[in-house]
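# Structural overview for review
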Amino acid sequence: MRLLLISLLLLISNNALSGQEPPLSSTDLKKKEFLSLYLAKDGGPNGSMIFLSKDGRYKIVATVDDTWSGKKITSQADIDYAKTHIDLSGLKIDISTLNTFSLKGADKKVTVFVDPECKFCKKLVADAKNHLHDYSFDFVVVPALGDKSNVLSKSMFCAKPVASMSQEYLSGNLGSLAQRVPCDTTRYDLTLLLAQLVGVTGVPFVIAPDGRFQAGGDPWKFLEQPTQADATRIN
């Protein structure tokens, strides 16, 4: 699993680097792991920053690019922003090809990681139907709650087309869906890797249209109240 995750990270990074630097391989990445760094000073020439190793022995002066968003990181504020926002569009992954179902509504897109056994997730899916005037929703189904959830999630991925996958999810019917045989689970595995990559630590895991994210809590209050940093940030 770790090797697959490294491969996904390399795919994202090499997409961002395309034409700028030679592509990395998983062997390169393993060999080049080096230090845990801390920002010591920003505001250097050409947006450079000074980083120190944990023990203070090494100083690195560098410019930093966020390979997910394609933006330059030039300050502590940028680092803080990147740590609290997820730009799924920068990952160059078509969410619709993963283990997902969607509810189409307004232009603003909300992405939610849910589990088949999670009652709070099901409530969110049901409530989302009343918020389509404000948002559209992509629900990514992952086995966050154990082995049974994995069986149900994979059953959904391998299912033959149904009239409404959201209704099958809400009705608890994922385990009884007619299956495609054979079923190539490559994109199912990619779904699990994506959840690991973005740091899904609990469900429902909500990513707002502006990239803010939250695990659990009141999703509607979260979506309606952008942070102060978002209100004042100048892009």
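### Describing the nonpolar core
- With 27 residues, the main nonpolar core has Phe-101, Phe-137, Phe-139 and Leu-223 as its most contacted residues.
- When contributions to this core are tallied by element, the ones reaching two or more residues are β6 (100-103), β7 (109-114), α4 (119-128), β8 (136-141), α5 (147-157), α6 (165-171) and α8 (219-224).
- Discounting residues that sit within four places of it in the chain, Leu-223 has contacts with Val-110, Tyr-135, Val-206, Ala-208, Pro-209 and Arg-212.

### Considering the sheet that holds β6
- Read across the open sheet, the 5 strands follow the order β6-β8-β7-β9-β10; overall the sheet is mixed. Each edge of the sheet is formed by a strand with only one pairing partner; in this case those strands are β6 and β10 (213-215). Pairwise comparison of adjacent strand axes, ignoring direction, gives a mean angle of 15 degrees for this sheet.
- Of the pairings in the sheet, the one linking β7 to β8 comprises 6 bridges and is parallel in character. Counterpart to Val-112 in the pairing with β8 is Phe-139.

### Focus: the sheet that holds strand β3 (residues 59-62)
- Taken in spatial order, the 3 strands of this open sheet run β1-β2-β3, and their pairing is antiparallel. Looking at the sheet topology across the chains shown, the edges are occupied by β1 (37-41) and β3. In this sheet, adjacent strand axes meet at a mean angle of 35 degrees when their direction is disregarded.
- Pairing of strand β2 (residues 49-53) with β3 involves 4 bridges; the strand directions are antiparallel. By the bridge assignment, Phe-51 is partnered in β3 with Ile-60.

### So, the pairing of β8
- Taking burial as the measure, the 6 residues of β8 include 6 buried ones, the bulk of the element.
- Side-chain alternation along β8 places Ser-136, Asp-138 and Val-140 on one buried face and Phe-137, Phe-139 and Val-141 on a second face that is also buried.

### With respect to the side chain of His-85
- Tracing the chain through its elements places His-85 in the loop between α3 (76-84) and β6.
- Within the structure, His-85 has its side chain in polar contact with the backbone oxygen of Tyr-81 (distance 2.9 Å).
- Reaching out from His-85, the side chain makes a polar contact with the side chain of Thr-84 at a distance of 3.0 Å.

### Brief notes about the environment of Ser-36
- Along the chain, Ser-36 turns up in the loop between α2 (26-32) and β1.
- Ignoring sequence-local partners within four residues, the contact set of Ser-36 consists of Leu-52, Ser-53 and Lys-54.

Calculation criteria
- Residues numbered from 1 in each chain as written.
- Predicted model: local features only at pLDDT ≥ 70, side-chain atom pairs only at ≥ 80, totals over all residues.
- Heavy atoms only, no water.
- Core = buried A, V, L, I, M, F, W, Y, C linked by side-chain atoms within 4.5 Å.
- Buried < 20%, exposed > 50% of the residue type's maximum accessible area, 1.4 Å probe, protein only.
- Helix = DSSP H or I, 4+ residues; strand = E, 2+ residues; numbered from the N terminus.
- Contact = heavy atoms within 4.5 Å.
- Pairing = 2+ DSSP bridges.
- Axes fitted to C-alpha atoms, helices over the stretch in contact; angles between N-to-C directions.
- Polar contact = N/O pair within 3.5 Å; in protein donor to acceptor, adjacent residues only side chain to side chain.

Interpretation in functional terms is not warranted from these geometric data alone.
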